[in-house]
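# Descriptive analysis of the structure
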Amino acid sequence: MSAVDIGWATIAANGSLSWFNHGWDSNQSVVYSIIVFPGQGEGVPNPLGHATLTQGESFEHVDGTKAYKFYIQNNAPFNSCDVHVIAQVDSL
């Protein structure tokens, strides 16, 4: 199993995002995880790093490649958070 750094995003307080990640081979299994860092918030002396990752849909394109859609919710009510997305990939 290998890990791939997909990228990162900054999410506003109580914000969320959806991410469509594509280009995987048809025989690959992909599971996502996140590393969360507290961002900034006006008047927040101790920002919170707290987010939820939900892996959603799986797609197969006509060329046989796979894509996945996942969602990240920033659970910090008063500050942003920086989220790094890691994909753990295994092949059949």
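Residues numbered from 1 in each chain as written. Predicted model: local features only at pLDDT ≥ 70, side-chain atom pairs only at ≥ 80, totals over all residues. Heavy atoms only, no water.

Counting its secondary structure elements, the protein chain contains 0 helices and 6 strands. With respect to the three principal axes, the spread of C-alpha positions in the protein chain is 50 × 25 × 15 Å. A total of 92 residues make up the protein chain; the buried ones form 32% of that total. Considering only intrachain contacts with a sequence separation of at least 6, the fraction spanning at least 24 residues in the protein chain is 71%. (Helix = DSSP H or I, 4+ residues; strand = E, 2+ residues; numbered from the N terminus. Buried < 20%, exposed > 50% of the residue type's maximum accessible area, 1.4 Å probe, protein only. Contact = heavy atoms within 4.5 Å.)

The antiparallel open sheet is built from 3 strands, whose spatial order is β2-β5-β4. Edge positions in the sheet fall to β2 (16-24) and β4 (51-60), since each has one partner strand and no second. Here the strands of the sheet are splayed against their neighbours by 20° on average, with no regard to which way each runs. When β4 meets strand β5 (residues 66-74), the two strands line up antiparallel, connected through 8 bridges. Counterpart to E60 in the pairing with β5 is K66. (Pairing = 2+ DSSP bridges. Axes fitted to C-alpha atoms, helices over the stretch in contact; angles between N-to-C directions.)

Right, let's get into the packing of aromatic side chains. Counted under the stated rule, the structure contains 4 aromatic pairs. Seen in terms of ring centroids, W19 and F70 are 5.7 Å apart; in terms of plane orientation they differ by 25°. Their pairing is stacked. Taken as a pair, W19 in strand β2 and F70 in strand β5 lie far apart in primary sequence, 51 residues in all. For the residue pair W19 and F70, the accessibility class agrees, reading buried in each case. (Phe/Tyr/Trp six-rings, centres within 6.5 Å; stacked < 30°, edge-to-face > 60°.)

Considering all chains together, one arrives at 1 salt bridge under this definition. Among the ionic pairs, K66 bridges to E60, the shortest N-O distance being 3.0 Å. According to the relative accessible area criterion, K66 is buried, its value standing at 17%. (Salt bridge = Lys/Arg side-chain N within 4 Å of Asp/Glu carboxyl O.)

This part covers the sheet that holds strand β3 (residues 28-38). Read from one edge of the open sheet, 3 strands run β1-β6-β3, paired in antiparallel fashion. With one partner strand each, in any of the chains shown, β1 (2-11) and β3 form the two edges of the open sheet. Averaged over all neighbouring strand pairs, the angle between strand axes comes to 20°, with direction disregarded.

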